[in-house]
Amino acid sequence: MAQQTLKQRFADRLQERQEAHLYRRRPLSFGPQQPQMNLNGRQTINFCSNDYLGLADNPHIKQAVIHALQSGQVGYGSGAAHLVTGHHLEHHLLEDELADWLGCQRSLLFSTGYMANLAVPQALMQKDDLILADKLCHASLIDGALQSAAELKRYPHNDMRALEKRLLQAEKEQRQVLIISDGVFSMDGDMAPIDRLQDLAQRYHAWLMIDDAHGFGPIGENGLGCFNYFSRTIDDNTILVGTLGKAFGTSGAFVAGSNILIESLIQFARPYIYTTASPQINAVATREALNQLKNADRQRRHLQQLIEHFRSGAEQLGLDLMPSISPIQPIVIGDSESALQWSHALQELGFWVAAIRPPTVPQGSARLRITFSAKHSIQEVDDLLQALQKVQTQLRKN
Ligand SMILES: *Cc1c(COP(=O)(O)O)cnc(C)c1O
């Protein structure tokens, strides 16, 4: 193709996206992350953040940050990569505390969950290896798998028979397999069958990587996520990924597992080696966040009440819910245009609910991704249900 200006290449593509109702926009937020927030200059009730336990603006965490900065032991920036001079005592203590909480040997901090998921497959997998990933895995897991030297095959969502077939084939071919799945699925809110996944991984000597970005915090005893929910403990061939930007309310991610796993990542994971360590003060905030998150039983109970209250109300309205016990409670609408109409109509009524459209979710399954925070009240959920009912009637008439 001939050389083009950026405009020649993109003007039409941008136009097409708009016409297909797939154009992405960034609502501008003012003030801290809260259920009640000002978005695009207007006061709304926010039902689409991932701040499940309300820790993104927690007074204890803010106090810990202020205290640490005043002590003079911690500054803001980290100044360099972990392997140079960026690995601060606070990072190190946080890694130890995460590992203790999870009951595994080690954990390793990453600057973002996206980078953690790029790092693991690239560092662990070799040519001729095989990655088997759930069809609905988070985009970062797919990108990580594609960048590794291994071959990627995807199995239908939570279909353990399809997965076993492929494991059987790989065993015949004597290929090393890495199974990859979300713990709680980010756009659906349902969980992977951790017990069956672990049984299969062990039977076929596969490695199991579970990204529980949405399970750590709201799910399991002490917020320990999906392994705890299924009463399973991780073994030496398990790779756990958690993100800190969701229920932890801070930023970054961790990989957790055996000593060998973590040492291998430090040696071989390019997204670990060639990047600046996250700010020192973020480690301070996250240590206090972990402390808050472990002890948030009251918030977890309240969250479950909100979820159950919402589900029974939404069922009465005949809305299309998904099989989810997590704070992610999507309502499937179908086509992108209708999903946007729902989202806009809810905005008019003062509720912020994102319309999630392809390619983030499969074609024909555009949805409202409703999420709950322990900071929501039952009254706010009732108000949301009322608004959904209004919009339902309004859009039916058109
Ligand atoms: C959000 C998310 C990520 C990415 O984490 P960031 O820290 O936001 O980069 C990875 N995996 C899953 C399942 C997620 O939901």
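Analysis parameters
Residues numbered from 1 in each chain as written. Predicted model: local features only at pLDDT ≥ 70, side-chain atom pairs only at ≥ 80, totals over all residues. Heavy atoms only, no water. UniProt positions renumbered as here; feature names shortened; annotations may be inferred. Phe/Tyr/Trp six-rings, centres within 6.5 Å; stacked < 30°, edge-to-face > 60°. Buried < 20%, exposed > 50% of the residue type's maximum accessible area, 1.4 Å probe, protein only. Salt bridge = Lys/Arg side-chain N within 4 Å of Asp/Glu carboxyl O. Helix = DSSP H or I, 4+ residues; strand = E, 2+ residues; numbered from the N terminus. Near = heavy atom within 4 Å. Polar contact = N/O pair within 3.5 Å; in protein donor to acceptor, adjacent residues only side chain to side chain. Areas by Shrake-Rupley, 256 points an atom, 1.4 Å probe, with all protein chains shown as cover. Nonpolar A, V, L, I, M, F, W, Y, C, P; charged D, E, K, R; others polar. Contact = heavy atoms within 4.5 Å. Pairing = 2+ DSSP bridges. Axes fitted to C-alpha atoms, helices over the stretch in contact; angles between N-to-C directions. Patch = residues over 30% accessible without salt bridge, like charges linked within 9 Å, V, L, I, M, F, W, Y side chains within 5 Å. Lys, Arg positive; Asp, Glu negative; His and termini not counted. Charge placed at Lys NZ, Arg CZ, Asp CG, Glu CD.

Per an unreviewed UniProt entry, the recorded name for the protein chain is 8-amino-7-oxononanoate synthase, and the organism is Thiomicrorhabdus heinhorstiae. Taken verbatim from the UniProt record of the protein chain, the Pathway (unreviewed entry) comment is "Cofactor biosynthesis; biotin biosynthesis." In its Subunit (unreviewed entry) section, the UniProt entry covering the protein chain states "Homodimer."

A.B. asks: Break down the packing of aromatic side chains for me, citing the residues and quoting the values.
C.D. replies: Scanning all chains against the criterion turns up nine aromatic pairs. With a centroid separation of 6.3 Å and 75 degrees between ring planes, the pair formed by F248 and F254 is classed as edge-to-face. We classify F254 as buried; its relative accessible area is 0%. Taken together, the ring pairs in this structure connect F47, F310, F351 and F372 into an aromatic cluster.

A.B. asks: Report on the pattern of salt bridges, specifying residues and quantitative values.
C.D. replies: In the structure shown here, the tally under the stated rule is 12 salt bridges. E97 is paired through a salt bridge with R287; the nearest N and O atoms lie 2.7 Å apart. Of this pair, E97 sits in helix α4 (residues 89-102) while R287 sits in helix α12 (residues 280-294), and the two are 190 residues apart along the sequence. The partner of D128 in a salt bridge is K127, and the shortest N-O contact between them spans 4.0 Å. Across the pair, K127 and D128 agree in class, each one exposed. By sharing partners, the salt bridges in this structure join E90, E97 and R287 into a single network.

A.B. asks: Quick rundown of the site of the ligand? Include the residues and the values.
C.D. replies: Residues in contact with the ligand amount to 14 residues; listed here are only the nearest, G113, Y114, D211, H214 and K246. Take Y114: an N or O atom from its main chain is 2.9 Å from an oxygen atom of the ligand. Interatomic distance of 2.8 Å between a side-chain N/O atom of K246 and an oxygen atom of the ligand. In the complex, 82% of the free accessible area of the ligand, which totals 380 Å², lies under the protein chains. Element by element, the count of residues in the shell around the ligand is highest for helix α5 (residues 113-124), at three residues. A per-class count over the shell around the ligand returns two nonpolar, nine polar and three charged.

A.B. asks: Break down the UniProt feature "binding site: substrate" (unreviewed entry) in the protein chain for me, citing the residues and quoting the values.
C.D. replies: Listed under "binding site: substrate" (unreviewed entry) in the UniProt record, and renumbered for this structure, are R24, H138 and T360. Note on placement: H138 falls in the loop between β5 (130-134) and α6 (139-147). Non-local contacts of H138, meaning those with residues more than four positions away in its chain, are made with D182 and S186. Here T360 is to be found in the loop between β13 (354-356) and β14 (366-371). Of the residues examined, T360 reaches a relative accessible area of 38% and is grouped as partly exposed. Those residues in contact with T360 that lie beyond four places of it in its chain are R24 and M187. Among the polar contacts listed, one links the side chain of T360 to the side chain of R24, at a separation of 3.4 Å.

A.B. asks: Mind laying out the sheet that holds strand β11 (residues 328-334), listing which residues take part and the relevant values?
C.D. replies: The antiparallel open sheet is built from three strands, whose spatial order is β11-β14-β13. Only two strands of the sheet have a single neighbouring strand rather than two, namely β11 and β13. Neighbour-to-neighbour, the strand axes of this sheet turn through a mean angle of 30 degrees, independent of strand direction. In the packing of helix α14 (residues 336-348) onto the sheet, the strands contacted are β11, β13 and β14, and the crossing angle to β14 comes to about 35 degrees.

A.B. asks: Requested: an account of a positive patch on the surface, with residues and values cited.
C.D. replies: On the surface, R9, R13, R17 and R24 cluster together into a patch of positive charge. For R9, a relative accessible area of 45% puts it in the partly exposed group.

A.B. asks: Break down the sheet that holds strand β6 (residues 151-155) for me, citing the residues and quoting the values.
C.D. replies: A sheet is described by the order of its strands in space; here seven strands give the open sequence β4-β10-β9-β8-β7-β5-β6, paired in mixed fashion. On the outer flanks of this sheet lie β4 (106-110) and β6, each paired with one strand and no other. Taken pair by pair, the neighbouring strands of this sheet meet at an average axis angle of 20 degrees, ignoring direction. Where β5 meets strand β7 (residues 177-182), four bridges bridge the pair, whose relative direction is parallel. Bridging across to β7, A133 finds its partner in I180. Where helix α7 (residues 160-172) meets the sheet, it contacts β5, β6 and β7, and its direction lies at approximately 150 degrees from that of β6.

A.B. asks: I'd like a rundown of the UniProt feature "modified residue: N6-(pyridoxal phosphate)lysine" (unreviewed entry) in the protein chain, residues and numbers included.
C.D. replies: Mapped onto the present numbering, the UniProt feature "modified residue: N6-(pyridoxal phosphate)lysine" (unreviewed entry) falls on K246. Among the structural elements, K246 can be located in the loop between β9 (238-243) and β10 (253-257). The exposure class of K246 is buried, given its relative accessible area of 18%.

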